[in-house]
Amino acid sequence: MEKNIALKLMYNGTAYHGWQVQKNALSVAETLEKALSSVVGHSVKCTGAGRTDAGVHAETYVANFRTRSTIPLDRLPLAVNTRLPDDIVVVRAVQVPDSFNAIGSCRRKEYTYRIYNSRLGNPFYVDRAWFYPRRLDEAVMQRAAGQFVGTHDFRAVRSVGTQTKTTVRTVYYFDVSRTGELIECKVCANGFLYNMVRAMVGTIVYAAEGKLAPEDIPAILASGNRTLSGPTAPPGGLYMTKLWYDEDVL
């Protein structure tokens, strides 16, 4: 009998062209599907929790696939990991209801964006955080971030890409904190548009630079004009960090 299996995994996205399978570029999904196929003995199609872009990481990620394989689920992660490169690790495998879908069943998602804010670079944060040498005031960034919380049309902070039915989303929190030279921006929403988090981070950095006032952000959102908000922050600083499901998959 065919089972629906959810996998909890994590990956460093530097070497990949995002999650989604693509014709001419290496993706996380394709790499995972090949490893799974060799374990279960048939070709596998994975549905992922979201389309992370090229170079974006996931500390937590969920994907599901269907199989008739009888391999015990507690042994599946180890079996798959021996066939995966070191930058993708399956942490857990669990059988889920037939109706479960890693993206459709996800209630909300949290991304964390990391900025290494120091005059001098740090080799250990290359492709892991946005190196930003000018001092940023995290209190101003937090004031700006607070303007994004709530239900809004987020067209002004998305790149044109995937077509969506609506550009309205609900942001539950957008918290900025600093530990030494590392600034963390945690944003949670019921869904994200293409490049939305990176554009929001670029906008709050612009606020810290004095290029716009935190209080300008509601008008920027209302305008729907991408050119009024800040730049798209680089992908290496972005991590998927938390996912919410009704099912016990994490």
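Please refer to the structure higher up on the page.
What you see is a predicted model; the values in this text were computed from it and never measured. (Residues numbered from 1 in each chain as written. Predicted model: local features only at pLDDT ≥ 70, side-chain atom pairs only at ≥ 80, totals over all residues. Heavy atoms only, no water.)

1. Remarks on the nonpolar core
Membership of the largest hydrophobic core comes to 76 residues, with the highest contact counts inside it found for Leu7, Leu32, Ile115, Phe174, Cys185 and Val201. If you tally residues by element for this core, the top one is helix H4 (residues 196-208), at 8 residues. (Core = buried A, V, L, I, M, F, W, Y, C linked by side-chain atoms within 4.5 Å. Buried < 20%, exposed > 50% of the residue type's maximum accessible area, 1.4 Å probe, protein only. Helix = DSSP H or I, 4+ residues; strand = E, 2+ residues; numbered from the N terminus.)

2. Some details on the packing of helix H3 (residues 138-146) against H4
Interhelical geometry of H3 versus H4 gives an angle of 130° and a closest axis separation of 8 Å. Relative to H4, H3 is oriented oblique. The two elements H3 and H4 cross, and the hand of that crossing is right-handed. Mapping the contact onto sequence places Val140, Met141, Ala144 and Ala145 in H3 and Ile204, Val205, Ala207 and Ala208 in H4. Partitioning the contact of H3 with H4 into residue classes produces 8 nonpolar, no polar and no charged. (Axes fitted to C-alpha atoms, helices over the stretch in contact; angles between N-to-C directions. Parallel < 35°, antiparallel > 145°, perpendicular 65-115°, else oblique. Left-handed = near helix turned anticlockwise from the far one by under 90°. Contact = heavy atoms within 4.5 Å. Nonpolar A, V, L, I, M, F, W, Y, C, P; charged D, E, K, R; others polar.)

3. Quick notes on a nonpolar patch on the surface
Together, Met10, Val89 and Val91 make up a nonpolar patch on the protein surface, roughly 210 Å² of accessible area in all. Inspection of the secondary structure puts methionine 10 in strand E1 (residues 3-11). Using a relative accessible area of 39% as the deciding quantity, one classes methionine 10 as partly exposed. (Patch = residues over 30% accessible without salt bridge, like charges linked within 9 Å, V, L, I, M, F, W, Y side chains within 5 Å. Areas by Shrake-Rupley, 256 points an atom, 1.4 Å probe, with all protein chains shown as cover. Salt bridge = Lys/Arg side-chain N within 4 Å of Asp/Glu carboxyl O.)

Worth remembering: the numbers are spatial, not functional.
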